[in-house]
Amino acid sequence: MHIKTINGNTPDGGRAAGDGPAYGGPGGDGPGGPEPGGTEPGADGRGGGRLRADSAPVLAGAAVAVGGVGAFLALADIASPLRAPCTLFFLVLAPAAAVATALGRLDPLSRAVVAGAAAVAADLLVAQAMLALHIWSARGGVVAVAVLSGIVFLGVSVRRRHSGARGRGSRTN
């Protein structure tokens, strides 16, 4: 049974009784907010189309895996339709991740933009140097970018370890 109001809607937001919660109506996610202990999607922090905070390590692991596959396919010279996109992903991901670790104090958006620009610049510099020296090869480019990214990672970790030891007062008498 539907009870009509003056504006033509039922009191529960236009839905018949027993159809579940009425979103936007009383008890929904309207002006009064969600009902405590509600059953709508996202009420318990899960679902609702939102990316969960604990999925970041999973996404990072997947990105490293895709980049690793790209580097492997390029170095092993395996003909595959995945070779070009995965190798390109590696060539952008490796230097961007290295630079992003060095920029730890910036906010995430600024860090991503600067790291992406630095990754493209590093790739272009490696390609330009290899072309100028007449030693261009796809394998050599992947190795050069991997070595350059590894040097940046090592430099950041050494700097952090050195500044951390000095900051804790590890001086001996």
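Residues numbered from 1 in each chain as written. Predicted model: local features only at pLDDT ≥ 70, side-chain atom pairs only at ≥ 80, totals over all residues. Heavy atoms only, no water.

(A) Looking closely at the packing of helix H1 (residues 56–75) against helix H2 (residues 83–102). The N-to-C vectors of H1 and H2 enclose an angle of 115°; their axes lie 7 Å apart at closest approach. Considering the relative orientation of H1 and H2, their crossing is left-handed. Contact residues: H1 offers Ala 63, Val 64, Val 66, Gly 67, Val 69, Gly 70, Ala 71, Leu 73 and Ala 74, while H2 offers Arg 83, Cys 86, Thr 87, Phe 89, Phe 90 and Leu 93. Considering only residue class, the contact of H1 with H2 consists of 11 nonpolar, three polar and one charged. (Axes fitted to C-alpha atoms, helices over the stretch in contact; angles between N-to-C directions. Helix = DSSP H or I, 4+ residues; strand = E, 2+ residues; numbered from the N terminus. Left-handed = near helix turned anticlockwise from the far one by under 90°. Contact = heavy atoms within 4.5 Å. Nonpolar A, V, L, I, M, F, W, Y, C, P; charged D, E, K, R; others polar.)

(B) Highlighting the pattern of salt bridges. This structure, assessed with the given rule, holds two salt bridges. Two residues, Arg 83 and Asp 77, come together in a salt bridge whose shortest N-O distance is 2.9 Å. For Arg 83, a relative accessible area of 22% corresponds to the partly exposed category. Residue Asp 77 pairs with Arg 139 through a salt bridge whose shortest N-O separation is 3.5 Å. Of this pair, Asp 77 sits in the loop between H1 and H2 while Arg 139 sits in helix H4 (residues 138–167), and the two are 62 residues apart along the sequence. A relative accessible area of 44% places Asp 77 in the partly exposed class. (Salt bridge = Lys/Arg side-chain N within 4 Å of Asp/Glu carboxyl O. Buried < 20%, exposed > 50% of the residue type's maximum accessible area, 1.4 Å probe, protein only.)

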